[in-house]
Amino acid sequence: MIKPDAVERGLIGDILKDITNAGFKIKALKLTQLSLSEAETFYAIHSKRPFFNDLTSYMSRSPIVAAVLEKDNAVSEFRNLIGDTDPSKANEGTIRAKYAISKGENSVHGSDSDENAKIEAEFHFSGREILF
Ligand code: IDP
Ligand code: MG
């Protein structure tokens, strides 16, 4: 996902360009907005964390871009491209180092495993919206 802080600042094109320049193929793409309850479902694993309410209100406050991306070792390659959760710790040149505002408002989401990538793709897209 391209998160609300980045969509709000007009960064969709810049971030998609970084993603395709890094060799990812876009297999599905949409602009959408999460309801609060959808954000709570998406981030359910973090429901006991102190930042959960801030995270879900931020993620539902304005539109996001959802995408399904393909590359060899896509999960780890994408996490290398986006950088650390905290932009002050993210390597130079990573998307979060370039664009993120804070550890909370960090511009992009990446799945943390192949299993969760499939769950998250199916959260955002119906079958015929994902190209094979
Ligand atoms: P990730 O997005 O790098 O995988 P996670 O630990 O899975 O990071 O956390 C999910 C999201 O929750 C982060 O991207 C960020 O938006 C938010 N978040 C994580 N830790 C903190 C924190 O300590 N303070 C505020 N927000 C946080
Ligand atoms: Mg995560």
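Rules behind the numbers
Residues numbered from 1 in each chain as written. Chains lettered and ligands numbered in written order. Predicted model: local features only at pLDDT ≥ 70, side-chain atom pairs only at ≥ 80, totals over all residues. Heavy atoms only, no water. Helix = DSSP H or I, 4+ residues; strand = E, 2+ residues; numbered from the N terminus. Buried < 20%, exposed > 50% of the residue type's maximum accessible area, 1.4 Å probe, protein only. Core = buried A, V, L, I, M, F, W, Y, C linked by side-chain atoms within 4.5 Å. Contact = heavy atoms within 4.5 Å. Salt bridge = Lys/Arg side-chain N within 4 Å of Asp/Glu carboxyl O. Near = heavy atom within 4 Å. Polar contact = N/O pair within 3.5 Å; in protein donor to acceptor, adjacent residues only side chain to side chain. Areas by Shrake-Rupley, 256 points an atom, 1.4 Å probe, with all protein chains shown as cover. Nonpolar A, V, L, I, M, F, W, Y, C, P; charged D, E, K, R; others polar. Lys, Arg positive; Asp, Glu negative; His and termini not counted.

Asker: Which parts of the structure should I look at to understand the environment of Asp114?
Answerer: Looking at the secondary structure, you find Asp114 in helix α7 (residues 114-124). Note on Asp114: relative accessible area 63%, which makes it exposed.

Asker: Sorry, what's going on with the nonpolar core here?
Answerer: Nonpolar side chains tend toward joint burial in soluble globular proteins. Core analysis: the largest hydrophobic core is formed by 16 residues, its most contacted members being Met1, Tyr43 and Met59. Elements that contribute at least two residues to this core include exactly α3 (36-42), α4 (52-60) and β2 (64-70). Counting residues per element, this core draws most heavily on α4, at 4 residues. Filtering out sequence-adjacent residues up to four positions away, Met1 remains in contact with Leu34, Phe42, Tyr43, Met59, Ile64, Val65, Ala66, Ser107, Val108, His109 and His124. Membership of the second largest hydrophobic core comes to 15 residues, among which are Ile19, Val65, Leu81 and Ile95.

Asker: Which parts of the structure should I look at to understand the pattern of salt bridges?
Answerer: When charged atoms on two side chains of opposite charge get close, those side chains can pair. Applying the stated criterion to the full structure yields 8 salt bridges. Salt-bridge contacts for Glu8 lead to Arg61; the nearest nitrogen and oxygen are separated by 2.8 Å. Of this pair, Glu8 sits in helix α1 (residues 4-8) while Arg61 sits in the loop between α4 and β2, and the two are 53 residues apart along the sequence. For Glu8, a relative accessible area of 43% translates into the label partly exposed. Using a relative accessible area of 38% as the deciding quantity, one classes Arg61 as partly exposed.

Asker: Just checking my understanding: could you explain the site of ligand 1 for this structure?
Answerer: All residues in the neighbourhood of ligand 1 are listed as Lys3, His46, Phe51, Leu55, Arg79, Thr85, Arg96, Lys103, Gly104 and Asn106. The separation between an oxygen atom of ligand 1 and a polar side-chain atom of Arg79 is 2.7 Å. Within the contact set of ligand 1, an oxygen atom lies 2.7 Å away from a backbone nitrogen or oxygen of Gly104. Calculation on ligand 1 without its partners gives an accessible area of 530 Å², and the protein chains cover 77% of this total. Broken down by class, the residue content of the shell around ligand 1 amounts to 2 nonpolar, 4 polar and 4 charged.

Asker: I'm lost on the side chain of Arg96 in this one. Help?
Answerer: Within the secondary structure layout, Arg96 lies in helix α6 (residues 95-99). For Arg96, which is buried and forms no salt bridge, the nearest opposite charge comes from Asp84, at a distance of 6.5 Å. A polar contact is formed between the side chain of Arg96 and the backbone oxygen of Gly83, at a distance of 3.2 Å. Of the polar contacts made by the side chain of Arg96, one reaches the backbone oxygen of Asn106; its length is 3.4 Å. Those residues in contact with Arg96 that lie beyond four places of it in its chain are Lys3, Ile82, Gly83, Asp84, Thr85, Pro87, Ala90, Asn106, Val108 and His109.

Asker: I'm lost on the side chain of Ser62 in this one. Help?
Answerer: Relative to the assigned elements, Ser62 resides in the loop between α4 and β2. Judged by its relative accessible area of 10%, Ser62 falls in the buried class. Among the polar contacts made by the side chain of Ser62, one reaches the side chain of Glu8 at a distance of 2.6 Å. For Ser62, the contacting residues outside a window of four places in its chain are Pro4, Glu8 and Gln33.

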